[in-house]
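Close look at the chain arrangement
Read off the chains here:
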Amino acid sequence: MPAEREVIDLDERDQRATAGVTDDHLLAGRRTAVQLVAAFVVGVLLGGFAVSELWGSQEERARNSSVALVAFPASIGGGGTDALGVLQLDGQLAVINAGPAPITVRAATGQGQGVLVRDTGTSRSLRPGGTTWIDVELCLDCVTAFGSEPLSMRFSVETGDGRISEFSYPIALVGSMWQVGTEQLCANLRAMEKRGGGR
């Protein structure tokens, strides 16, 4: 009796081998895809955070360097007249920080027809929306100081980033506390001039 021969189906073994290889490749491919997606998501999040931080720091720098002031004559005090009959007085200038960041007002000066204003050298810090009073020395000519044109005041201001900038702001003198406070003094000067005791 002839020996039984074992028949081996080569196709079946190839299919099993191929199936194993294919499964491994699919699992490896899926792992790689998941890793790529995760890396992409992390990259987007980090990139978005970096851009947000950059924009935030740029906005903060812009906010810290922007200046907006409002100023007007606040009060006037004692003083006298010089040899030419010009009033020399002490006064105060009110300054409001209308900007978005704290500032320090380093200096304030103004010069126009018949008027000279200069601060006394004291710096003033101002929070946003805050008001301060700057002590000033005034030289006023009663005849020409209170004309219709506003006085251009120059301010030296230090911002939160340490930069110092200078800019102008016009203040109205007509009808201001400085004009009201000098009316009697100016009337006295005019009376002296009529009597021949002035200019």
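Up top you'll find the structure we're talking about.
All figures in this text were calculated on a predicted structure; none of them were measured in a lab.

Here is what the cut-offs are and how they apply
Residues numbered from 1 in each chain as written. Predicted model: local features only at pLDDT ≥ 70, side-chain atom pairs only at ≥ 80, totals over all residues. Heavy atoms only, no water. Helix = DSSP H or I, 4+ residues; strand = E, 2+ residues; numbered from the N terminus. Buried < 20%, exposed > 50% of the residue type's maximum accessible area, 1.4 Å probe, protein only. Contact = heavy atoms within 4.5 Å. Phe/Tyr/Trp six-rings, centres within 6.5 Å; stacked < 30°, edge-to-face > 60°. Expected span 1.5 Å × (residues − 1). Bend = angle between axes of the 7 residues up to and from the residue. Disulfide = S-S within 2.5 Å. Core = buried A, V, L, I, M, F, W, Y, C linked by side-chain atoms within 4.5 Å. Pairing = 2+ DSSP bridges.

1. Examining the overall build of the protein
What the protein contains, in helices and strands, is two helices and eight strands. Along the protein, helices and strands appear, N-terminal first, in the series α-β-β-β-β-β-β-β-β-α. By the burial criterion, 25% of the 199 residues in the protein qualify as buried. Of all intrachain contacts in the protein linking residues separated by at least 6 positions in sequence, the fraction that spans at least 24 positions is 63%.

2. A short note on the packing of aromatic side chains
Scanning the model with the defined rule gives one aromatic pair in all. Ring centres 6.2 Å apart and planes at 35° place the aromatic pair Phe155 and Phe167 in the tilted group. With Phe155 in strand β7 (residues 151–159) and Phe167 in strand β8 (residues 164–171), this residue pair connects regions lying twelve residues apart in the sequence.

3. Let's talk about helix α2 (residues 177–194)
Counted at 1.5 Å a residue, the expected span for α2 with its 18 residues is 26 Å, and the 26 Å between its end C-alpha atoms agrees. Roughly 45° is the biggest bend found in α2, and it falls at Glu183. Tucked inside the fold, the buried residues of α2 contact β1 (69–81), β2 (87–97), β4 (115–119), β6 (131–140) and β8.

4. Let's talk about the state of the cysteines
Tallied over the entire structure, the rule returns one disulfide. For Cys142, the disulfide goes to Cys186, at an S-S distance of 2.0 Å. Every disulfide takes its handedness from the sign of the S-S torsion; for Cys142 and Cys186 that torsion is -80°, giving left-handed. Here the residue Cys142 occupies a position in the loop between β6 and β7, and Cys186 occupies one in helix α2, the gap between them amounting to 44 residues. Relative accessible area serves as the criterion here: at 13%, Cys142 is assigned to the buried category.

5. Side note on the environment of Leu116
Its location among the elements puts Leu116 in strand β4. Sequence-wise, Leu116 and Leu140 are 24 residues apart; in three dimensions their C-alpha atoms are separated by 6.7 Å.

6. A short note on the environment of Gly162
Of note, Gly162 is situated in the loop between β7 and β8. Exposure remark for Gly162: the relative accessible area of 44% places this residue in the partly exposed category. For the pair Gly162 and Thr104, spaced 58 residues apart in sequence, the C-alpha separation works out to 9.8 Å.

7. Considerations on the nonpolar core
Within soluble globular proteins, side chains that are nonpolar tend to cluster in buried spots. Leu93, Val95, Phe155 and Trp178 are the most contacted members of the largest nonpolar core, which has 28 residues in total. Every element with two or more residues in this core is listed here: β1, β2, β3 (103–112), β4, β6, β7 and α2. Discounting residues that sit within four places of it in the chain, Val95 has contacts with Leu69, Val70, Ala71, Val105, Leu126, Gly130, Thr131, Thr132, Ile134 and Phe155.

8. A word on the environment of Ser66
By the secondary structure assignment, Ser66 is in the loop between α1 (10–65) and β1. The exposure class assigned to Ser66 is partly exposed, which follows from its relative accessible area of 27%.

9. Overview of the pairing of β2
For β1 and β2, the ladder comprises ten bridges, and the chain directions are antiparallel. The residue bridging Thr81 from the neighbouring strand is Leu87, located in β2. Examined bridge by bridge, β2 and β6 share ten bridges and lie antiparallel to one another. Residue pairing for β6: Leu89 is matched across the bridge by Leu138.

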